Amino acid sequence: MTTAKKGPGLWTAAMVHGGSLADAERINRRILAAFTDLTEADFSRRTHFFGGRFENLYLDRDRIPELRIILEQAERWARKILDWDDQPLRYGFWFNAQGPGQSTSEHTHEELDELLSGVYYLSAPEHSGDLILRDGRLSIHVTPEAGLFLFFPPSLSHRVETNRSDALRLSLAFNFGPL
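Residues numbered from 1 in each chain as written. Predicted model: local features only at pLDDT ≥ 70, side-chain atom pairs only at ≥ 80, totals over all residues. Heavy atoms only, no water.

(A) View of the overall build of the protein. Per the secondary structure count, the protein includes two helices and 12 strands. Helices (α) and strands (β) of the protein occur, in sequence order from the N terminus, as β-β-α-β-β-α-β-β-β-β-β-β-β-β. A compact globule built from 179 residues should have a C-alpha radius of gyration of about 16 Å, and the protein, at 15 Å, falls within 12% of that. With the principal axes as the frame, the protein shows a C-alpha extent of 40 × 40 × 35 Å. Within the protein, buried positions represent 47% of all 179 residues. (Helix = DSSP H or I, 4+ residues; strand = E, 2+ residues; numbered from the N terminus. Rg over C-alpha atoms; globule rule 2.2 N^0.38 Å. Buried < 20%, exposed > 50% of the residue type's maximum accessible area, 1.4 Å probe, protein only.)

(B) Here's a closer look at the pattern of salt bridges. Summed over the entire model, instances satisfying the criterion amount to nine salt bridges. Here Asp113 and Arg90 are joined by a salt bridge, their closest N and O atoms 2.4 Å apart. Of the two residues, Asp113 is situated in the loop between strand E6 (104-107) and strand E7 (116-123) and Arg90 in strand E5 (residues 89-98); the sequence distance between them amounts to 23 residues. (Salt bridge = Lys/Arg side-chain N within 4 Å of Asp/Glu carboxyl O.)

This is how it looks when you write it as C-alpha cells:
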C-alpha cells in the first residue's frame, strides 16, 4: 500500500482508501453502453426514492459481464483494507445514475453488519458533483473521476452534490460484511 499514488494501485488517507482500475476506460465504455440499453424491467430492485428518482438500482451481476472485473477488484481491495484473508466476505452492489440537476441525499450504510462501503466511478463528467464525506464538523470533498475506487467506513456520513453537467454521472456502490 502506498500514499498519494497516481495510476493503478491502492492509496490510503486516514480512513478513506482509494485506487484506480487498470484499463478503466475500455471497461467503463462497455458497461456504459450496456447500461444505456437497460430498461426498468432489467433491474431486480430499485430503492431510496428521493428527488424524483430511485438512488439505488440493483442489477444481476451477470447482466453486464464486464461488471465482474470491477467487482473482483473491489473485493480484493476490500479484503486488503479489512485484513480479511480467507474468511467468507459478503458484498452487495448497486448503480447510482445521477442525471443533470440530481443529487444524492446524505446517508450512512449502517443498516446491517457492513464493515466497509465503497464506490467506483464509471462516468464522472466535469461538474457532475463531488462526493462529500462528513465526520462531525469535518468534511472531505472528492471530485470523482472515471476509473476511481473509494472505500470508507459505513458509518461515515456522505452525499453527492448536484450534477451541474449536462451528462449522466454513473457509479457503482458497494457494501462489504461478514457472510
